[in-house]
Amino acid sequence: MTDQAARLRQMVGSEGDAAHPERGGAPAAAAVTPAQAEAWANVRVIAITSGKGGVGKTNIAVNLAIALQRMGRRVLVIDADLGMANVDVLIGAASRRHLLDLLRPEVTLEDVIVETPHGIQYISGGSGIEKALDYDHAEKMLLQQKLADCAARADLIIVDTGAGLGRNVMDFILAADEVLLVTTPEPTSLTDAYAVMKAYSIYAVQKNLRLIINRVYEQKESREVALKLRRAAEKFLHMPVECLGYVFEDAAVTKAVRCQTPIVEADPGSPAARCIEGLAEALITGAEMKVKRGWKGFLQQIFNFST
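Below is a short write-up of the structure. Everything numeric here is computed off the predicted structure, so don't read it as measured data.

Before going further, it helps to examine the pattern of salt bridges. Counted under the stated rule, the structure contains ten salt bridges. Measuring nitrogen to oxygen at the nearest pair gives 2.8 Å for the salt bridge that ties Arg-44 to Glu-178. Taken as a pair, Arg-44 in strand E1 (residues 44-50) and Glu-178 in strand E6 (residues 178-183) lie far apart in primary sequence, 134 residues in all. The class of Arg-44 is partly exposed, set by a relative accessible area of 25%. Owing to a relative accessible area of 8%, Glu-178 belongs among the buried residues under this scheme. With a shortest N-O distance of 3.7 Å, Glu-242 and Arg-230 are connected by a salt bridge. With Glu-242 in strand E8 (residues 242-248) and Arg-230 in helix H10 (residues 219-237), this pair connects stretches of sequence that are twelve residues apart. Note on Arg-230: relative accessible area 26%, which makes it partly exposed. One network of salt bridges, in which partners are shared, links Arg-44, Glu-178 and Arg-210.

The subject of this paragraph is the layout of surface pockets. Taking a probe equal in size to a water molecule and rolling it over the atoms shows the remaining empty space. The space that makes up the second largest pocket amounts to roughly 440 Å³. Around the second largest pocket, the lining is made up of 28 residues, and of these Val-55, Gly-56, Lys-57, Asn-59 and Arg-215 lie nearest the centre. Contributions of two or more residues to the lining of the second largest pocket are made by helix H3 (57-70), helix H4 (86-91), strand E7 (209-216), E8, helix H11 (251-258) and helix H13 (271-285). The element contributing the most residues to the lining of the second largest pocket is H3, with five residues.

Rules of the game
Residues numbered from 1 in each chain as written. Predicted model: local features only at pLDDT ≥ 70, side-chain atom pairs only at ≥ 80, totals over all residues. Heavy atoms only, no water. Salt bridge = Lys/Arg side-chain N within 4 Å of Asp/Glu carboxyl O. Helix = DSSP H or I, 4+ residues; strand = E, 2+ residues; numbered from the N terminus. Buried < 20%, exposed > 50% of the residue type's maximum accessible area, 1.4 Å probe, protein only. 1 Å grid on protein atoms, 1.4 Å probe; cavity = no way out; pocket = protein on both sides within 12 Å on 5 of 7 lines; lining within 4 Å. Points joined across faces, edges and corners; volume = space filled by probe spheres on them.

Below you can see the structure in the form of structure tokens.
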């Protein structure tokens, strides 16, 4: 697993094996310029994952990216949920080219990146990264060279992974600097989230995983759910796990998805949208997230939940 992650790091332009020829990699200068390597060091790479599908992972990834962009960050989203293309649906934009197209000499990074109406940039992974682990040396170098230029376009790269413990999902999780694990209070979701935490605790060299509790009805519920997972991680995995924050159950989210409009734009005053903004603030400042429903949120929940 760690060898696969190292190959992925080499592919996307991090130092990895390229800085250590004795591990079998080529010298960094062969593919990435010193300026590119320095730029990569200043980019935050955040993988957003989940133990099971249907917990709202991609919705959080897209809306969080937009919220971070509004805070002045240049954000690039990579849809690494291979074969699903849910990011396309949520942002209402279709990509003509995918990551795999970068292997064609005439295709540049600009050809693959989609500039969305929401201010964020987006790359569709398609099946490109899945196959990239089996590419030959020259093909990997070409991808590395072209993807290295992402650093000049983004301060934050958000990777929306698939759900579960598949090889490709773990590759992305282990390659990222930060991991946000999305779960809900449902017992099956918690069980699957713990499975991800367990695998991460075994294979990750530098551990940096935080929880996002989605679809909670009140702040107290999120604290209780996070506490269960944190205690389990500390007792059985010997790994500290923090909670970044939570997102309220909100009927406005369903409406926004149907309209293919991110919730932070469709209904910025909704409880869920305010929670997303709180998550973005916590990511940037490190401050504890505190968002309450308030009276408006209470009324929205009572009268709109079933609509």
